[in-house]
Amino acid sequence: MTPGHFQSVFKKPIRFGSRHFTILITPTNLSDDSCKNNRLGLAIAKKRVKLAVQRNRMKRIIRESFRLNQHDLPAIDMVVMVKSGIDQLDNNEINQELEKIWRKIIQRHKN
């Protein structure tokens, strides 16, 4: 995602959250032919996750979870932000939280 795509998500987001994540989504702009699928943006602040090793671990886990679930998600742009304390969780706990959020997003957009 480009900075412009991030701005469009931050302008009028639909917000989904859990104890350690906030995910902002907007419907994909269909007039943009560069990408007709879901787009994922990551905003993992140094303030929330101090060590680069941990920030990179978060990015890998989030990207992999997104990759496995993107075929079920509606056509959306999303920005995933993390909250403090997430670096204390193990990979399995992070994946469980993400799974719950993906289910919420899918459920909300079925209606």
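Right above here is the structure, for reference.
Residues numbered from 1 in each chain as written. Predicted model: local features only at pLDDT ≥ 70, side-chain atom pairs only at ≥ 80, totals over all residues. Heavy atoms only, no water.

1. A short note on helix α1 (residues 3-11)
Here comes step 1: The set of residues buried in α1 consists of His 5, Phe 6 and Val 9. For α1, the angular spread of the buried residues around the axis is 100°, confining them to a single face. For α1, the exposed residues lying more than 90 degrees away from the buried face are Pro 3 and Lys 11.
Here comes step 2: Of the surrounding secondary structure, the elements contacted by the buried residues of α1 are β2 (21-27), β3 (39-43) and β4 (76-82). (Buried < 20%, exposed > 50% of the residue type's maximum accessible area, 1.4 Å probe, protein only. Helix = DSSP H or I, 4+ residues; strand = E, 2+ residues; numbered from the N terminus. Arc of directions from axis to C-beta. Contact = heavy atoms within 4.5 Å.)

2. Description of the pairing of β2
Here comes step 1: Counting buried positions along β2 yields six of seven residues, so the element is predominantly enclosed.
Here comes step 2: Alignment of strand β1 (residues 14-17) against β2, held across four bridges, turns out to be antiparallel. Across the sheet, Arg 15 pairs through a bridge with Leu 24, a residue of β2.
Here comes step 3: Sheet analysis places β2 next to β4, joined by seven bridges and oriented antiparallel. By the bridge assignment, Thr 22 is partnered in β4 with Met 81. (Pairing = 2+ DSSP bridges.)

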